[in-house]
Amino acid sequence: MKNKNILYLSLTSVSLLLATACKKSFLNITPPNQVSTSSVNTLAGLQEILNNNFEQLADANGHFYPWFELVNEDVRSDNSFDGQTDNNASEGVTACDNFTDNATTTEGRGWSELYGMIGNCNLLIDVAAKTSSDATLTDSARNQMVASAKFLRALHYFNLMKAYGGVILSLHTYSNDTTVVVPRSSLADCYTQVISDLTDAISVLPVSYPGVVNQHTRATKQAAQALLARVYAQEGDYNDCLATCNALLPAAYGGTGTSGASLVANFADLFNDNASTNTTESFFEIQHVGGTNAPTRNFATWLIAPSDYNLTIPSPFTKFVTPTQDLVNDYMTSGDTVRMHGVMVIENDSTEFLGEPFFDNPNHYPTTALTQIPYFITRGQYVQGGTYAAGGSQSVIVLRLADAILLKAEALNNTGDPADAIPLVNAIRARAKLPALTVTSQSDVALAILHERRLEFAGQGYRWSDLRRYGSQYTIDLMNSFTDYLGNKLYNITANNLLEAIPIDELEADPVCGQNPGY
Amino acid sequence: MLKKKSAFLLQKTRLFFLAFLLLSASKFSFAQEKITVSGTVASDSSKPLSSVSITIKGQSGGTTSGTDGTFTISVNKGTTLIFSIVGYEERQIKFDKETTGLSVTMTSKATGLNDVVVIGYGTQRIKDVTSSISAVNLSDERERPIVNIMQELAGKAAGVQVQQFNGAPGQDFQVLIRGFTSLSGNATPVYVVDGIVGYNIATLDVNNIASITILKDASATGIYGVAGSTNGVVEITTKKGVAGTPRIDADFAQGIQSVTKILPVLNGVQLHQLQVDEYTNAGEASDTSGIRLPANWQNVNNNWQKLLFRTAPLTRASVRLSGGGTGGNYALSVGYLNQDGIMPTIFSKKLFIGLTAEQSLNKWFTIGGRADYVRQTVGNMPAGTQGTTGHGGGGSGAVTGAAVAYSPYEPEKDPTTGFFAVDNSNGQAIPNPLGQLYGTSDKTTYNIVNVEGHLIVHLPFNISYTNRISAEISDNFENIIQDPTITSSAASVNGTAVYNTTDNYTWLWDNILDYHNSFGKNNLDVIAGLTAQKWQDQYAETGGSGFPIAGIYSISSASTRSTTQDLGTYDRWSKYSQYGRVMYNYDSRYLLTATIRRDGSSQLGIHNQYATFPAGSVGWRIINEKFMKDQNLFSDLKVRAGYGETGNLPSAYYPSYDVLNVASGQYTYDAGGASYPGLGLNGTAANPLIKWEETKQLNIGTDIAFFANRLRVTADYYDKQTTNLIYTSNLPTSTGQSNVVVNLPGKVLNHGLEISLGGDILTHNAITWTSNFNISFNSNKIKANITPIQGTSIPSGTVTWLKNGYSVGSMFGYISQGVDPQTGYIKYADPDKTGAAENNLYLGKALPTAFGGFTNNLTYKGFGLDVLIEYAWGNKVFNANRYEEDGMYDLTNQLSTTLHRWRTSGDKTDIPLAILGENASNQTNNPYENGNDNVSSRYVENGSFVRLRNVSLSYNIAAINFVKSIGIKTLRAYVAGENLVTITKYSGYAPDLNIGGTSPSTQGVDFGVYPLAKTITFGLNVGF
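This text gives an overview of the structure that appears in the document. (Residues numbered from 1 in each chain as written. Chains lettered and ligands numbered in written order. Predicted model: local features only at pLDDT ≥ 70, side-chain atom pairs only at ≥ 80, totals over all residues. Heavy atoms only, no water.)

Moving on, we get to the overall build of chain A. Looking only at helices and strands, chain A features 19 helices and seven strands. Put simply, of all contacts in chain A between residues at least 6 apart along the chain, 71% involve residues at least 24 apart. Within the structure as shown, chain A displays about 18,800 Å² of accessible surface, and the carbon and sulfur contribution to it stands at 52%. (Helix = DSSP H or I, 4+ residues; strand = E, 2+ residues; numbered from the N terminus. Contact = heavy atoms within 4.5 Å. Areas by Shrake-Rupley, 256 points an atom, 1.4 Å probe, with all protein chains shown as cover.)

Here's what the structure looks like:
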């Protein structure tokens, strides 16, 4: 080769380097085999994000819907208690049960769980808002997915508000210009946001998805309506609650709804793994796939079942949600064996157990009785040697018709129409083979509805909010009235205990967030 | 015409000479006559000098002398050759005709002020250096049982701390130059081999290294910018072929390694007494049913450490063929290194093949290249057998911990099953230390290829252009097999196997223009360059269990495939940089270096990918001033000062992108219907604004020589401030994300002083004694508002934290105030008078206050004696092993220190009472007296040490006439000892051990780490 040619060649290579390597794209390396937000604004990408939004409800690593909501609503109230024996392993649940919780006892509340899921709802909403180059992504498909995400976001926020009051309204995915040091929004603003999301969702979501068997796993119009009715009721807006119930309920209950829902004839079918999926009563449910290490198995069973079953997991993680003596007594004195056996199993079903006094502390009753205490089967019935030991498959019904019927009754009663409320309550009682109500006054009907809801929804994550909706002072007085079997007062709570403590992680990362009073 | 053009160019040098070249390069012609020069280089004591650098004045290219001092080089007529080597005066000889049999005598001058040292993208005479550079003396490196290049740096250079934190074969060392600067990144220096930045030194046979220079301050390292110059740069030059008769050099060494100490433990009778005490003090004297002694127990006394440790061979062999012809040289080397561990099943075998060649085509062009291949197989410590102690149970405890905890009265193997049995005899499942090693085979095979090719264009006016492309292809394959015939745990699942593999590929493209010239007393050296680099890495893992036939563990024969070990990754990054440097001096009296580097990296936020880092330094060689002419005290006197900025990268690869997680499960909306994988936020938010972490470094130094260079002193003071700290900041959970990587407006401060003293104590012809001593002080402090960053944890708590206001490597926990003579419990401090023992109190720092080395080289006729001593003081070690090994809260065997335990009221001792269950999770009611196993100052030990790192004695057999007469050019025999004696108060195996590796947050915790070995080696060097 001629020297000059080599020279030119080398100089050309310098120019090439300057020309090519200098181009900015040389340094712009996107994640080569990972998905980033820049590559998911397509029909399939949005579907995958939405799928994750639903998958998180059922995920075995998720904690809220399988059981944290039971801790917040049932364990904190008079329905159940933290019945496991190793206090070290469940500090958070014990603290939630005994009102000794604080910013560092995080288990059993779900702040980070719920915000994690909200973040993914926001992800879908934000990605969908960008212009997509995918021609197959139609506006209607996009709007339907955004509405589904808004429905789920409203559900998560509502659960946050029930536990913590006003919370931080985080409505977009975090980015550099997001201000994270922000105070919490007022409870009223939170309600406005949740109602806005649900109103949007109702206007877009379909009543049914064509060709889909598992209708109730998807966000439907009636699911959003059922949630909105609960939101209005909890807010105290019974007029809008009534209107929403009427739009949702079938004609049989005085409504104009077209979902075709009806009560299942046999109450126990709601919590029977073989019958609880895709019932006519369900508006929205979380379906689990059982089995060892199955990613969406329902692991709540082994958190709730008694430890003397031959579980493959360490025994301390059991009986976190154990029914109280008071609840059992309530079922017995109400003659409601249908629903008692529907929601719980009483080992030996013995009078020996039933003769024990009220307990709400595992240290306060004889340990010999441990094998005889009841346990909830609302998240799945444990079968010795069965697949539940590794992870159950029972569906979790989040929203169902019976709730909407009782909410309508409550709304009617609160808007001055107890007479029309009573038949609705009786419709629920009839399924439980209980006689019609005998009370007539507005205040008696209100108490009767509260009581009916306790029997209907025990072990399903309703009680604490129902009590608070009935009355703060009532809730405080009720809890303070309980004693252990030695006659010692169990609690001395104040209005501060009605809300839970904001977790320390949030307070440290956001100094202006502010703790709830009393913590 | 040439002169005229030269003058013209001179005026333009400050402008872009690249542009000039493009226009004018083709206009010249350079016909010149070639001549060959050959001969021998020898010292003033007639000793042939090998590795003498022979360069062509005013041009690149050159050669080095062979081990017998011979050289051949083809040059232009009228060329001046520069002969230089560390320790001797530089010589310049001009050649106007063919010359053979030339004898060049180099005058010994230990300072080597005219020596050339390798600096970034070039070389510089030592006397002109204005930055902080340490040259490592390698003259006798073959006479040490070195297995790792990093070992070569230990104790040799001020400011460079080398720590063998894990003694297992194949493990890297921690090389720390001037302290930790970053909270997030690693602190590893950049290795540059023959100009190739970021070269994988694992592929280099130690025998092929000619010189090592360490660049320490920003003025020296700044030119390397993006590669991580904040942590210092280690420049390695390899041996090249020499023109002339091809020659063969062979080295062979055989060594024996053994453990440096055995920890004293209780025998069976003493252990039984301890167990009874534990029950008695727990108030259970009447029921000691937990103690289960095997039949005949008093007659069995196994010392498990003695069963575990073995003497292990170390074999090193290498052959190098080298030579060259006119204007070219080559070297081909093959090396083999086989190091067995001092524990069974642990080993490292390495095969090196290296080839380098360079050829000047004509006066215009030189081409060259190198290829290094290494294949290494390492028998690793099985996972979970380090970094925990004996009580991990179920096969997960540390081997060294289990060797203490395993009951001395238990047999080596279960007599009925033949398995290495888990020691369940005393309530704790202690895995058999031998069973852990034999039961799990964890082997990694590495194949690494480094290749490089370059073209040098010698342009007119002392300008050269280098175009170099290099690449590294690095693959490894690891298999981890639990043999069902050795342990019951593997037998229960019929064996398990995990296979993982990595493929890594990097290419690097360098373009460098170099101009240097002298005008009267003005000397100028200018470089400008462009670099582009791309890296990619792919990883895959798979596993299974249940193998029907023992011995066949391929994944396809597994009856159960693992779902958790079924994964893979793929990552990439790229870098692009431009740089320039001017080195100027007037009469070697007034010295100036200025560099600038503009770096871009894909690992930064898309809005801040580029940053510019300037650096500069000045020097004044006072010795060259007229007023110094008449004094005899000083033979050199120079002061220098430099300042510069360097950058550090985040560890994240794609900080600008929100990477989404693929959900493990798919949510089926509809049975049998379409199902999509889920995509969700992964917890770490994107930060497209993330920018370089910056370190600003000031360096002030002096080089002084006295008494005709018999005594030499170099001292440097430095101050490093790291800002824009790359820090993982927690986000409020209400954002739906966990954290984001940000630039924190805080600082990490390092300042220190380094002093080197060198002396020629004896310079007699027959006997010489040269001595070098260095000491370095470094002080580190974090001044940044960070949430404490968790470091090394042990089961009872976290030991090390990075905290605002403290040094990197600080330990925190309870402060033990000794044993209460009344109760026998440890009393813990309560400085804030809270009424309870306080945790998270400062316990000390792992980084030494001072460290250094002391080398001595003696020669007497054909004999040579080298002694290397290294030392450190002021460093603390958390001996985490002891929280179990003298915690005395369960029934396992303990160290014999527990013989001094508190027994009865009034006993004054520093060892508490033995009490079953007395650990942190079972505290007594007294808040000051709890937990024998708390993270406390009780386990913080003084890690100061003085170590006889190396002693080697060699004899030059080639000095015997008979040997010469049979054609052998060089023949040396030696015996060397490595790591022979360590004087320290530290009670564990060695104060260097650290389970946390090289991360800033995990310094100074000895927790079941593989101990260091001492090695005795016999070796032979022969040259034909």
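Here we take up the overall build of chain B. Assigned secondary structure in chain B consists of 11 helices and 55 strands. In summary, chain B has a C-alpha radius of gyration of 31 Å against a globular reference of 31 Å for 1024 residues, a match within 12%. Taken over the C-alpha atoms alone, chain B extends approximately 105 × 80 × 65 Å along its principal axes. Within chain B, the fraction of its 1024 residues that count as buried is 58%. Taking the intrachain contacts of chain B between residues at least 6 apart in sequence as the baseline, contacts between residues at least 24 apart amount to 71%. On chain B, roughly 38,700 Å² of surface is accessible, and the fraction owed to carbon and sulfur atoms is 56%. When the 78 basic and 79 acidic side-chain charges of chain B are each reduced to a single mean position, those positions are 12 Å apart. (Rg over C-alpha atoms; globule rule 2.2 N^0.38 Å. Buried < 20%, exposed > 50% of the residue type's maximum accessible area, 1.4 Å probe, protein only. Lys, Arg positive; Asp, Glu negative; His and termini not counted. Charge placed at Lys NZ, Arg CZ, Asp CG, Glu CD.)

All right, on to the sheet that holds strand β1 (residues 34–43) of chain B then. Residues and elements named next belong to chain B. The strand order across the open sheet formed by three strands is β4-β1-β7, and the pairing between neighbours is mixed. What marks the edges here is a single partner per strand, and that holds for β4 (70–76) and β7 (99–106). Shown here is a sheet whose adjacent strand axes are inclined to one another by a mean of 35°, direction ignored. Here β1 pairs with β7 via six bridges, running parallel. Bridging across to β7, S43 finds its partner in M106. (Pairing = 2+ DSSP bridges. Axes fitted to C-alpha atoms, helices over the stretch in contact; angles between N-to-C directions.)

With that settled, consider the pairing of strand β35 (residues 711–723) of chain B. All names here are of chain B. In this sheet, β35 lies alongside strand β34 (residues 693–706) in antiparallel orientation, the contact comprising 13 bridges. Among the inter-strand pairings, F706 is bridged to a residue of β35, identified as L711. Joining the antiparallel neighbours β34 and β35 is a turn of four residues, in which F707 adopts a positive phi near 50°. In terms of strand pairing, β35 meets strand β38 (residues 747–763) through 12 bridges, oriented antiparallel. Considered in β38, the bridge of R712 is made with G758.

This part covers the environment of P145(B). Residues and elements named next belong to chain B. With respect to the helices and strands, P145 occurs in the loop between β10 (133–136) and α3 (149–153). C-alpha of P145 to C-alpha of N950: the two residues are 805 residues apart in sequence and 8.9 Å apart in space. Beyond its immediate chain neighbours, meaning those up to four positions away, P145 contacts Q151, L314, R316, N950, A976, E978, T1015 and T1017.

In terms of nonpolar packing, the biggest core is built from 129 residues, with F151(A) and F284(A) touching the most fellow members. One finds V136(B), A157(B), I214(B) and Y579(B) within the second-largest nonpolar core, a separate group that totals 43 residues. (Core = buried A, V, L, I, M, F, W, Y, C linked by side-chain atoms within 4.5 Å.)

Along the polypeptide, S734(B) turns up in the loop between β36 (725–730) and β37 (739–744). Taking the relative accessible area as the measure of exposure, S734(B) reaches 4% and is therefore buried.

The next subject is the packing of helix α3 (residues 64–75) of chain A against helix α17 (residues 463–470) of chain A. Residues and elements named next belong to chain A. It is at 6 Å that the axes of α3 and α17 come closest, and there the two elements cross at 40°. Looking at the two axes, α3 sits oblique to α17. Between α3, through N72, E73 and D74, and α17, the contact on the second element is made entirely by R463, W464 and S465. (Parallel < 35°, antiparallel > 145°, perpendicular 65-115°, else oblique.)

It is worth spelling out the pattern of salt bridges at this point. Following the criterion strictly, the structure yields 50 salt bridges over all chains and no others. With its nearest N and O atoms 4.0 Å apart, the salt bridge here joins D139(A) to R142(A). In this pair, D139(A) and R142(A) are both assigned in helix α6 (residues 139–164), three residues apart and thus about one turn of the helix distant. The exposure class assigned to D139(A) is exposed, which follows from its relative accessible area of 54%. Residue classification places R142(A) among the buried residues on the basis of a relative accessible area of 15%. Where K156(B) meets E152(B), a salt bridge forms, and the shortest distance between an N and an O atom there is 3.1 Å. (Salt bridge = Lys/Arg side-chain N within 4 Å of Asp/Glu carboxyl O.)

Within the secondary structure layout, S333(B) lies in strand β19 (residues 328–340). Beyond its immediate sequence surroundings of up to four residues, S333(B) is in contact with N208(B), V319(B), R320(B), F352(B), I353(B) and G354(B).

Residues and elements named next belong to chain A. According to the stated counting rule, one finds zero disulfides over all chains in the structure shown. Distance from the sulfur of C190, which forms no disulfide, to the nearest cysteine sulfur (C513) is 11 Å. Overall, C190 belongs to the buried group, its relative accessible area being 0%. (Disulfide = S-S within 2.5 Å.)

Before going further, it helps to examine the packing of aromatic side chains. All names here are of chain B. Applying the stated rule across the entire model yields 42 aromatic pairs over all chains. Cation over ring: K349 sits above F347, and NZ or CZ is 5.4 Å from the ring centre. Across the ring face of F812, the terminal group of K803 is positioned such that the distance to the ring centre comes to 4.0 Å. (Phe/Tyr/Trp six-rings, centres within 6.5 Å; stacked < 30°, edge-to-face > 60°. Lys NZ or Arg CZ within 6 Å of the ring centre and 35° of its normal.)

All we've got here are geometric facts, nothing functional implied.
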